[in-house]
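Secondary and tertiary structure notes
So you can see what is in the structure, the chains are spelled out below.
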Amino acid sequence: MADDAITGAELDALATRLRAVTDRIAAASTAAGRRDGVQLLAVSKGQPASLLRAAYSLGQRDFGENYVQELTQKAEALRDLPELRLHVIGHLQRNKAKYVVQHASAVHSVDSLALVEELARRMQGREVPEKKRAFGADPRLPVLIEVSIAGEAQKSGCPPAELGAVLEAAEHSRSLRPVGLMCVPPLTEDTGASRPYFDALARLRDEHGGPTRLPELSMGMTADFEHAIAAGSTLVRVGTAIFGTRQPRPSKDG
Ligand SMILES: *Cc1c(COP(=O)(O)O)cnc(C)c1O
């Protein structure tokens, strides 16, 4: 991934796409009668650091990354951007937790007790730097529990039956702060097909204390974010509609 500065024309094109996405988010929020804001996470996996820098110059602060090696590289390449917030949204192996706590403003893909424990242990004695804090000013690392809302059709995520225990473990740790739930519905051609899964995640949140305990619902991507907003999403993770197509995933990473 080359990190050459982008041209003026590329910056203009990025600004147009970013604006189009924020306009669509606003329209979907209005259509759903939502008064709370819906946050935009710009998913930058497979994109060069120069594109994140350009989006930052346009005012975007929150970016989603899937692979820990890429997260680390971008955090280093962009260390001069004080308010850059990198969110981990991809499946996370426990042995990568030590790198994540150095660079992440939030982790959306926490899916097991073991991962909660490892992140909590690695986060012990650390704080998220003040300008890097996502979801409020709390210095603990915000985590969202990724739920396998489609059941057996899904390879990653915490089974709904285990959610209570995972949430309690995160709450009892001193270094993590559970802020919500996340889901990635199975890929389909039909964008409306995700809606039942979004509704199911919202119901599951209501069964586990509702918005008071879990204010955030991280759901919706390029293909289906309007459906997610209708179902109550508070944060949409959008990559392709902002940055265009990306490089294929690296072969060895996690
Ligand atoms: C890649 C990815 C996204 C963004 O997908 P687009 O279709 O490019 O918007 C969102 N969430 C997760 C978990 C992803 O892996």
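Here goes a summary of the coordinates provided. (Residues numbered from 1 in each chain as written. Predicted model: local features only at pLDDT ≥ 70, side-chain atom pairs only at ≥ 80, totals over all residues. Heavy atoms only, no water.)

**As for the overall build of the protein**
Rule in force here: Secondary structure elements follow DSSP: runs of H or I no shorter than four residues count as helices, runs of E no shorter than two count as strands, and numbering proceeds from the N terminus. C-alpha atoms define the radius of gyration, and 2.2 Å times the number of residues to the power 0.38 defines the globule rule. Only protein chains enter the accessibility calculation, which uses a 1.4 Å probe; a residue whose area is less than 20% of its type maximum is buried, one above 50% is exposed, and one in between is partly exposed. Contacts between residues were defined by any pair of non-hydrogen atoms, one from each residue, lying within 4.5 Å. In short, Shrake-Rupley with a 1.4 Å probe defines the accessible areas, and a residue's cover is counted only from the protein chains shown. Charge convention: Lys and Arg are scored as positive, Asp and Glu as negative, and His as well as the terminal groups of each chain are ignored. Note on charges: their place is set at NZ of Lys, CZ of Arg, CG of Asp or CD of Glu.
When its secondary structure is counted, the protein shows 10 helices and eight strands. In terms of C-alpha radius of gyration, the protein reaches 17 Å, essentially the compact-globule figure of 18 Å for 254 residues. For the C-alpha atoms alone, the extent of the protein along its principal axes is close to 50 × 45 × 35 Å. Relative to its full complement of 254 residues, the protein shows a buried share of 52%. Counted over contacts in the protein with a minimum sequence separation of 6, partners at least 24 positions apart contribute 64%. Total accessible area computed for the protein in this model is approximately 11900 Å², and 50% of it derives from carbon and sulfur atoms. Between the centroid of the 32 positive side chains of the protein and the centroid of its 32 negative side chains there is a distance of 4 Å.

**Here's the deal with the site of the ligand**
Filter applied, for reference: One heavy atom suffices: a residue is near a molecule or strand as soon as one of its heavy atoms comes within 4 Å of it. Any N or O atom pair separated by 3.5 Å or less is treated as a polar contact, with the protein-specific requirement of one donor-capable and one acceptor-capable atom, and with residues adjacent in sequence counted only for side-chain atom pairs. With a 1 Å grid laid over protein atoms only, a set of points is called a cavity when a 1.4 Å probe fits there but cannot get out and a pocket when it is open yet has protein on both sides within 12 Å along at least five of seven lines; lining residues have an atom within 4 Å of a point. In this scheme, a molecule is assigned to a cavity or pocket if more than half of its atoms are within 2 Å of the grid points. Just so you know the grouping, Ala, Val, Leu, Ile, Met, Phe, Trp, Tyr, Cys and Pro go in nonpolar, Asp, Glu, Lys and Arg go in charged, and all remaining residues, Gly too, go in polar.
Near the ligand, the surroundings consist of Val43, Lys45, Asn66, Ile89, Val184, Met221, Thr222, Arg237, Val238, Gly239, Thr240 and Arg246. Measuring from an oxygen atom of the ligand, one finds a side-chain N or O atom of Arg246 at 2.7 Å. Burial of the ligand by the protein chains amounts to 88% of its free accessible area of 390 Å². Comparing atom positions with the cavity grids shows the ligand to sit within the largest pocket. In terms of residue class, the shell around the ligand is built from five nonpolar, four polar and three charged.

**Some words on helix 2 (residues 49-57)**
Counting buried residues along helix 2, seven of its nine residues qualify, which places the element largely inside the surrounding structure. Along helix 2, the positions that sit buried rather than exposed are Ala49, Ser50, Leu51, Leu52, Ala54, Ala55 and Tyr56. Next to the buried residues of helix 2 lie helix 1 (8-31), strand 2 (62-65), helix 3 (68-77), strand 3 (85-88) and helix 10 (240-243). Immediately downstream of helix 2, the backbone of Gly59 shows phi near 105 degrees, a positive value.

**Topic: the pairing of strand 2**
Quick reminder of the rule: Strand pairing is assigned whenever DSSP detects at least two bridges linking the two strands. For a crossover, the right-handed case is the one in which the path from the first strand over the helix to the second runs clockwise, viewed with the strands pointing away from the viewer.
Side chains of strand 2 alternate between two faces, with Asp62 and Gly64 and Phe63 and Glu65 buried alike. In this sheet, strand 2 lies alongside strand 1 (residues 39-43) in parallel orientation, the contact comprising two bridges. Each bridged residue has a counterpart across the sheet, and for Ala42 the counterpart in strand 2 is Phe63. For the segment spanning strand 1, helix 2 and strand 2, crossover handedness is right-handed. Direction of pairing for strand 2 relative to strand 3: parallel, over a ladder of four bridges. Following the sheet pairing, Asp62 is matched in strand 3 by Arg85. Read as a crossover between parallel neighbours, the route from strand 2 over helix 3 to strand 3 is right-handed.

**Description of the pattern of salt bridges**
Two side chains carrying opposite charge are able to pair once their charged atoms lie near each other. Our working definition: Salt bridges are defined by distance alone: a side-chain nitrogen of Lys or Arg within 4 Å of a carboxyl oxygen of Asp or Glu.
Applying the stated rule across the entire model yields 15 salt bridges. With its nearest N and O atoms 3.3 Å apart, the salt bridge here joins Arg121 to Glu118. Placement of both Arg121 and Glu118 in helix 5 (residues 113-123) is noted, with a separation of three residues, approximately one turn of the helix. Put simply, Asp138 and Arg177 hold a salt bridge, and the shortest N to O gap is 3.8 Å. One end of the pair, Asp138, is in the loop between helix 5 and strand 5 (141-146); the other, Arg177, is in strand 6 (residues 176-182), with 39 residues separating them in the sequence. Judged by relative accessible area, Arg177 falls into the buried class, the value being 14%.

**Regarding the nonpolar core**
Side chains of a nonpolar character, in soluble globular proteins, are inclined to be buried together. As a reminder of what qualifies: We define the nonpolar core as a collection of buried residues of types Ala, Val, Leu, Ile, Met, Phe, Trp, Tyr and Cys that are connected through side-chain atoms lying within 4.5 Å of one another.
By size, the foremost hydrophobic cluster in this structure holds 66 residues, and its most contacted members are Val100, Val107, Leu119 and Ile242. Non-local contacts of Leu119, meaning those with residues more than four positions away in its chain, are made with Leu92, Ala97, Val100, Val101, Val110 and Leu176. Grouped together as the second largest cluster of nonpolar side chains are 10 residues, Leu41, Ala106, Ala134 and Phe135 included.

**Concerning the layout of surface pockets**
Inclusion rule: Grid points are joined across faces, edges and corners, and a volume is the space filled by probe spheres set on the points.
Of the voids in this model, the largest pocket is the one considered here, and its volume is about 870 Å³. Lining the largest pocket are 31 residues, and of these Lys45, Asn66, Val184, Leu187 and Met221 lie nearest its centre. Of the residues in the lining of the largest pocket, the class split is 11 nonpolar, 12 polar and eight charged. When its volume is computed, the second largest pocket comes out at roughly 280 Å³. Along the walls of the second largest pocket sit 18 residues, with Ala75, Gln102, His103, Pro129 and Lys132 positioned nearest its centre. Mapped onto the lining of the second largest pocket, the elements with two or more residues apiece are helix 3, strand 3, helix 4 (97-103) and strand 4 (104-110). Ranked by the residues each element gives to the lining of the second largest pocket, the list is headed by helix 4, at three residues. Class assignment for the residues of the lining of the second largest pocket results in nine nonpolar, three polar and six charged.

The quantities given are spatial measurements derived from coordinates; they are silent on function.
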